[in-house]
Amino acid sequence: MRFSRRHVSLPHLSILCSVVLIILTAEKAVSIRFPDRISESVKTASNQPLRTAVFALGSFWRSEAVFGCLDGVVRTTAGYAGGSKVNPDYRSWGDHAESVQIEYNPRLINFRQLLEVFWSSHDSRQVFGQGPDVGNQYRSIIFTNGTEESRLAAVSKEREQTASKSSIVTTQIQQLAMFYPAEPEHQKFELKRNPFLLQLMGNLPEEELEKSTLAAKLNGFAAEVCPPMIQRQISARIDEIIRRGWPILREL
């Protein structure tokens, strides 16, 4: 994958690195975590089932980060969809596109709002690629589940085409047949590039990290693709942890 990326500059990095060093050299190992949430809004009522959306908009590393920090999004998964190959993987994806699966609470965010994020987060006019990533696996697709989602997708594409004037919107609209999760090393990729954030969460096991709402949010924060208000809220939460002297929550 050739998607161009830059290292994230987190606030107070020098202070944070010093604190991490102190923790790692302490006589007794401790586990440091945020609660598994940034705000109460990501909670799902017990009687409100989650819904699932799948989009392809270039590199799934970045795509997962883009949707992960939205309020109402509970889990994100990088993977493959849109092709006919059974059980694709990163070395042999066949005709699939790199995609992201989003599990969300429809009381807090809806499919129409997810579509708005989809359109604003990539160039739908670029053929077979996004930025420096070139290839059929980076094509733009809206996957739908049912007639209503297909209608919303078509209306949004028509609106995007009108705004694009003479440029052709290349985005495809397809009924979702199958979504295949990508290998563990591709999940929460941007978060894993930031050891400080992983340490702050208590170095979760891979399986727990993949399903964590907090990890989805911090993945977007690490990539600096969250909406500005959410980016500031997460940064303020980290500042609060530093001011308090890093309150510790040990595993029970």
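The structure this text deals with has already been given above.
Here the structure is a predicted model, which means the values were calculated and not measured.

Visitor: Account for the overall build of the protein chain, naming residues and giving values.
Guide: Along its length, the protein chain carries nine helices and eight strands. Taken across its 252 residues, the protein chain has 48% of its residues classed as buried. Excluding contacts between residues fewer than 6 apart, the proportion of contacts in the protein chain whose partners are at least 24 apart in sequence is 76%. Approximately 12800 Å² of the protein chain is accessible, and the part contributed by carbon and sulfur atoms is 53%.

Visitor: Account for the packing of helix α2 (residues 60–68) against helix α8 (residues 213–223), naming residues and giving values.
Guide: At their nearest, the axes of α2 and α8 sit 7 Å apart, and the two run at 115° to each other. Here α2 is positioned roughly perpendicular relative to α8, judged by the angle of their axes. Crossing angle aside, the handedness with which α2 passes α8 is left-handed. For the pair α2 and α8, the contacting residues are Glu64, Ala65 and Gly68 in the first and Ala216, Lys217, Asn219, Gly220 and Ala223 in the second. Of the residues in the contact of α2 with α8, the class split is three nonpolar, three polar and two charged.

Visitor: Tell me about the pairing of strand β1 (residues 51–57), residues and numbers included.
Guide: Of all the seven residues making up β1, five are buried; the element is thus mostly covered by neighbouring parts of the structure. Taken together, the five bridges between β1 and strand β3 (residues 97–104) define a ladder with antiparallel strand orientation. By the bridge assignment for β3, Thr52 is matched with Glu103. Two strands pair when backbone bridges link them, and β1 and strand β6 (residues 140–144) are joined in this way by four bridges, in the antiparallel orientation.

Visitor: Please provide a residue-by-residue account of the side chain of Asn194, values included.
Guide: Note on placement: Asn194 falls in the loop between α5 (189–192) and α6 (195–200). Look at Asn194 and you get buried, because its relative accessible area is 8%. A polar atom in the side chain of Asn194 sits 2.9 Å from the backbone oxygen of Glu190.

Visitor: So, unusual backbone geometry: which residues are in play, and what are the values?
Guide: Despite not being glycine, Lys188 shows a phi value in the positive range, around 50°. Tracing the chain through its elements places Lys188 in the loop between β8 (179–181) and α5. The buried category is assigned to Lys188, whose relative accessible area is 0%.

Visitor: So what about the state of the cysteines? Which residues, and what values?
Guide: Applying the stated criterion across every chain yields a total of one disulfide. One disulfide in the model links Cys69 with Cys226; its S-S distance is 2.5 Å. Here the disulfide of Cys69 and Cys226 is left-handed, its torsion about the S-S bond being about -135°. Here Cys226 lies in the loop between α8 and α9 (228–243) and Cys69 lies in the loop between α2 and β2 (73–81), a separation of 157 residues in the sequence. On the basis of relative accessible area, Cys69 is assigned to the buried category, the value being 0%.

Visitor: Got a sec to walk through the environment of Phe128? Specific residues and values, please.
Guide: Inspection of the secondary structure puts Phe128 in the loop between α3 (111–120) and β4 (129–130). You can call Phe128 partly exposed: its relative accessible area is 44%. Along the backbone, Phe128 and Gly58 are 70 residues apart, and their C-alpha atoms lie at a distance of 8.8 Å. Not counting the four nearest positions on each side in its chain, Phe128 is found in contact with Asp133, Val134, Gly135, Asn136 and Arg139.

Rules used throughout
Residues numbered from 1 in each chain as written. Predicted model: local features only at pLDDT ≥ 70, side-chain atom pairs only at ≥ 80, totals over all residues. Heavy atoms only, no water. Helix = DSSP H or I, 4+ residues; strand = E, 2+ residues; numbered from the N terminus. Buried < 20%, exposed > 50% of the residue type's maximum accessible area, 1.4 Å probe, protein only. Contact = heavy atoms within 4.5 Å. Areas by Shrake-Rupley, 256 points an atom, 1.4 Å probe, with all protein chains shown as cover. Axes fitted to C-alpha atoms, helices over the stretch in contact; angles between N-to-C directions. Parallel < 35°, antiparallel > 145°, perpendicular 65-115°, else oblique. Left-handed = near helix turned anticlockwise from the far one by under 90°. Nonpolar A, V, L, I, M, F, W, Y, C, P; charged D, E, K, R; others polar. Pairing = 2+ DSSP bridges. Polar contact = N/O pair within 3.5 Å; in protein donor to acceptor, adjacent residues only side chain to side chain. Disulfide = S-S within 2.5 Å.

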